[in-house]
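As a plain string of letters, each chain reads:
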Amino acid sequence: MATGRRCWSRPLSLQLEQRLARRRDGGAGRRVQEPRLGPRRAAILGCVGFRDARSAASLPEVPPIASLGPRPSVRLEPGGVPGGSGGGGRMSAEAADREAATSSRPCTPPQTCWFEFLLEESLLEKHLRKPCPDPAPVQLIVQFLEQASKPSVNEQNQVQPPPDNKRNRILKLLALKVAAHLKWDLDILEKSLSVPVLNMLLNELLCISKVPPGTKHVDMDLATLPATTAMAILLYNRWAIRTIVQSSFPVKQAKPGPPQLSVMNQMQQEKELTENILKVLKEQASDSILVLEAALTLNKDLYVHTMRTLDLLAMEPGVVNGETESSPAGLKIKTEEMQCQVCYDLGTAYFQQGSANSAIYEKAREKFFRTKELISEEVIKIFIEDNLTFSLPVQFRQSVLRELFQKAQQGSEALDEICFKVCACNTVRDILEGRTISVQFNQLFLTPNKEKIDFLLEVCSRSINLEKASDSLKGNMAAFLKNVCLGLEDLQYVFMISSHELFITLLKDEERKLLIDQMRKRCPRVNLCIKPVTSFYDIPASASVNIGQLEHQLILSVDPWRIRQILIELHGMTSERQFWTVSNKWEVPSVYSGVILGIKDSLTRDLVYILMAKGLHCSTVKDFSHAKQLFAACLELVTEFSPKLRQVMLNEMLLLDIHTHEAGTGQSGERPPSDLISRVRGYLEMRLPDIPLRQVIAEECVAFMLNWRENEYLTLQVPAFLLQSNPYVKLGQLLAATCKELPGPKESRRTAKDLWEVVVQICSVSSQHKRGSDGRVSLIKQRESTLGIMYRSELLSFIKKLREPLVLTIILSLFVKLHNVREDIVNDITAEHISIWPSSIPNLQSVDFEAVAITVKELVRYALAINPGNHSWLLIQADSYFATNQYSAALHYYLQAGAVCSDFFNKTVPPDVYTDQVIKRMIKCCSLLNCHTQVAILCQFLREIDYKTAFKSLQEQNSHDAMDSYYDYIWDVTILEYLTYLHHKRGETDKRQIAIKAIGQTELNASNPEEVLQLAAQRRKKKFLQAMAKLYF
């Protein structure tokens, strides 16, 4: 290039004047995209000092860049002048070729210059929002502060401090805004900024936050300062401590480059300035520590300046420290987050000072432990909140737990509690999303204690919003709590969970009672896992250990794809094992096991067996979602090679769908979908040879049809061959026909007789003669008769699958009638529809009446578990207890039968419930319990008052009831007059006065209208029966 030629092709003043001209025009001129001079920034900054608006306005006007036309990119030959007429303006052939080759290359976006942010206010935010801004944010801070701190030169060429003008104030504000964009992250700022630059930046933060210059920070009360002011002081003192600690570390010297005098001078100046700053910071180190210690006592959230609050400070003088009169502004820093950062910084400071004093080392230890606690608490809090939102990826949560486990295995025992808490949070998240419980949770929960259970209940409570949660979420949480209870050995811990508000809310009363009763009756089990399972990381790597760990995971997993993966790994390690035998809890019905174990491929055999066993187990414990996944995976597998096993899996999935509906929407009375009913019919009518069938599926299908009143199909549409081949279909057909004909004008006798004969035959015993050693012949009765279409135990199992009230009533009625046919029976049991059955049996000796009595008790108990409010079933239970001389229990159920049909005796008990026979049995119960006053009162309940029994019972002096306290419940004047006479005769003055007071009540006056007398009687009946209920319930 010729000597004296300008070092850039376009003068900077041209760009500045054009932009200022557009600003003066108010943007009326046509805007065109201007070329930026990023590659020549260093030359520009060296040659041009930015002039303010006044000096820039004095520049001569120049036409807009668009009017100048395009400027060709040319290479000037030596001696040539752009645009001249000489030959130097022509391009050589070589230059033309190079120009043609490079003109099509994509251009790198030009770098934004620092002064452009002064010209356009919104440019900074746009620039920082870019994915990879160039220059980077930390480079902008350096540029802004460098320009703001440049000394000025006066007319006498004397160096002056940087002027405090609008330009420099805006540059400093821009630097603060960039730091605010970085959220004042000291890790980023310290890594990229030198000590002098960061010192200047934080001092500007103190200045804009209205910290008085020259005031010691240790003398200021942080609690009374505005939140942004206190945060600015904390940031500065944290940086001071961190810088002191960092300066004590050895620094590797960078390799010196080519010696350049200007660079060496600049480095020396920066080094001296850094040393001076460090000297001051070390002198103030004790004050900085006191400031940070005082910050740990704060119990309020702090705020740090953001780009918005800094703009407010620049525009509105009424805004102080980023706070308005109504509410604080800025980025909120929680107290826990601030304390965590301060604790760590203090820990590092004490650790650095502790080499000469062990007590200071102890302080460092305390601060680091406190930091770890705060981090752990925040992680747990975040995980619990995420259990409501499901925003964090599951893989991330698992990686956090995995890292904690690894550190705990390396000897950090303090992490054991944190591991459990994080694992509990993850487990609850898994449960809510329908995944299985992890192995880690089972390991950590092997030794439960009060603290673990309290925390687990807290996590469960805070992880579900009961008002907004779906039924599936509630069901998953309820199933998890039930499973936790079933896995606990100590009943104290079970009651901790069962008495919790969440448990009570999610589970119905019946479910809770059944669970508690099951836990109470459960025999103490031997705990085979007293010692915790050894962690995987504590075991040296070996094939046997890996196999053991994988087998353990195989036992616990219910994820079909994970089971498949584990089996592939196990078979890759050894081909000699049969892994379907790993757990003796994996049970497959014998009708299936032969087909499955006949599979030649060992991996497929293990996989099919385990998937089916786990699916059957999940179905048994009512974990239907996992059972469906396991069965679906097994069906997909066997479809490829075995039509027989495919049909088996379809049958099992039908049974699973029946159970799912019965346990779900079926409980609320919602009818099953027509598709499910069609599949049940298809199964019953299936005639495929060589398909192994389970008896329970046929039972469930017939019970399903009866429960949903598909009587039309069972009575008219069922194929004839089914009645001969399937005993459950035969029994279902007879039950459906009997129920169907009951509502007619005449009760059915023909179908009822057929059903009666089938049941009698099932309950009959086969006799066998045997000659003894003395020559005598004895008769041996077999309990389970082979004469009927099924065994009595099978009939009982089938009946316990029924829920339809009419069907259960018919069966109960049949067995009650069979019980009453017995010759030596003293007290009959009453039941509905008992008249439809035959009144006698040709061969009474063939019937096992003991088994019939036991069956009646079991059926009544089952029926009341289905519907405890059915008064006819309650009366059967009461009569059963009465027949076996259990009078207190009989009274309990007699009273309960009356209570359920009268709103706890607030209404009149229907006469078909409290018949004279029932009242007489209640009287007999009270008499045999020596409650004679109750007997006298109950005698009034009969259609014709039994005065003889009443008077005889009142004569008894050894009464075990409340005696005269019951006199207010007597409404019959004759009985009251007899009581008055009786007490007068015995000289019992006090009791005589009570009787006189009772008889003197105006509502018992014989002259009253009949309606008044009836009302008085009803009121006394109600109060008496309620008092009896409180006594016997």
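Going by the structure above, here's the rest.
Residues numbered from 1 in each chain as written. Predicted model: local features only at pLDDT ≥ 70, side-chain atom pairs only at ≥ 80, totals over all residues. Heavy atoms only, no water.

Let's shift gears to empty space enclosed by the protein. Going through the model one piece at a time under the given rule, you end up with six cavities of 30 Å³ or more. Empty space within the largest cavity amounts to approximately 80 Å³. Considering the residues around the largest cavity, the lining is formed by His-932, Thr-933, Ser-953, Leu-954, Glu-956, Ser-959, Met-963, Tyr-967, Leu-979, Leu-982, His-983 and Arg-986. Among the elements of the structure, α43 (932-939), α44 (947-955) and α45 (973-986) are those that each provide at least two residues to the lining of the largest cavity. Among the elements that make up the lining of the largest cavity, the one with the highest residue count is α45 (four residues). Here the residues of the lining of the largest cavity sort into five nonpolar, five polar and two charged. The volume enclosed by the second largest cavity comes to roughly 70 Å³. If you trace the second largest cavity, you find it lined by Leu-731, Leu-735, Leu-755, Val-759, Leu-795, Phe-798, Ile-799, Ile-811, Leu-814 and Phe-815. Mapped by element, the contributors of at least two residues to the lining of the second largest cavity are α35 (727-741), α36 (750-762), α37 (792-799) and α38 (805-820). Considered class by class, the residues forming the lining of the second largest cavity number 10 nonpolar, no polar and no charged. (1 Å grid on protein atoms, 1.4 Å probe; cavity = no way out; pocket = protein on both sides within 12 Å on 5 of 7 lines; lining within 4 Å. Points joined across faces, edges and corners; volume = space filled by probe spheres on them. Helix = DSSP H or I, 4+ residues; strand = E, 2+ residues; numbered from the N terminus. Nonpolar A, V, L, I, M, F, W, Y, C, P; charged D, E, K, R; others polar.)

Our focus in this paragraph is the side chain of Ser-209. Its location among the elements puts Ser-209 in the loop between α10 (195-208) and α11 (227-247). The buried category is assigned to Ser-209, whose relative accessible area is 0%. Side chain to side chain, Ser-209 and His-305 meet in a polar contact 3.4 Å long. (Buried < 20%, exposed > 50% of the residue type's maximum accessible area, 1.4 Å probe, protein only. Polar contact = N/O pair within 3.5 Å; in protein donor to acceptor, adjacent residues only side chain to side chain.)

The next subject is the packing of aromatic side chains. Tallied over the entire structure, the rule returns 22 aromatic pairs. Aromatic pair Tyr-728 and Phe-798: ring centres 5.7 Å apart, planes at 45°, arrangement tilted. With Tyr-728 in helix α35 and Phe-798 in helix α37, the pair connects residues that are 70 residues apart, well separated along the chain. Residue Tyr-728 shares its accessibility class with Phe-798, and that shared class is buried. Between Phe-941 and Phe-1024, the ring centres sit 6.1 Å apart and the planes meet at 50°, which makes this aromatic pair tilted. Of this pair, Phe-941 sits in the loop between α43 and α44 while Phe-1024 sits in helix α47 (residues 1010-1032), and the two are 83 residues apart along the sequence. Phe-1024 sits in the buried class, given a relative accessible area of 0%. Three or more aromatic residues joined by ring pairs make a cluster, and in this case those are Phe-420, Phe-441, Phe-445, Phe-455 and Phe-480. Looking at Lys-452, its charged tip hangs above the ring of Phe-420, at a distance of 5.2 Å from the centre. When the ring centre of Phe-941 is taken as origin, the NZ or CZ atom of Lys-1021, which lies over that ring, is 5.4 Å away. (Phe/Tyr/Trp six-rings, centres within 6.5 Å; stacked < 30°, edge-to-face > 60°. Lys NZ or Arg CZ within 6 Å of the ring centre and 35° of its normal.)

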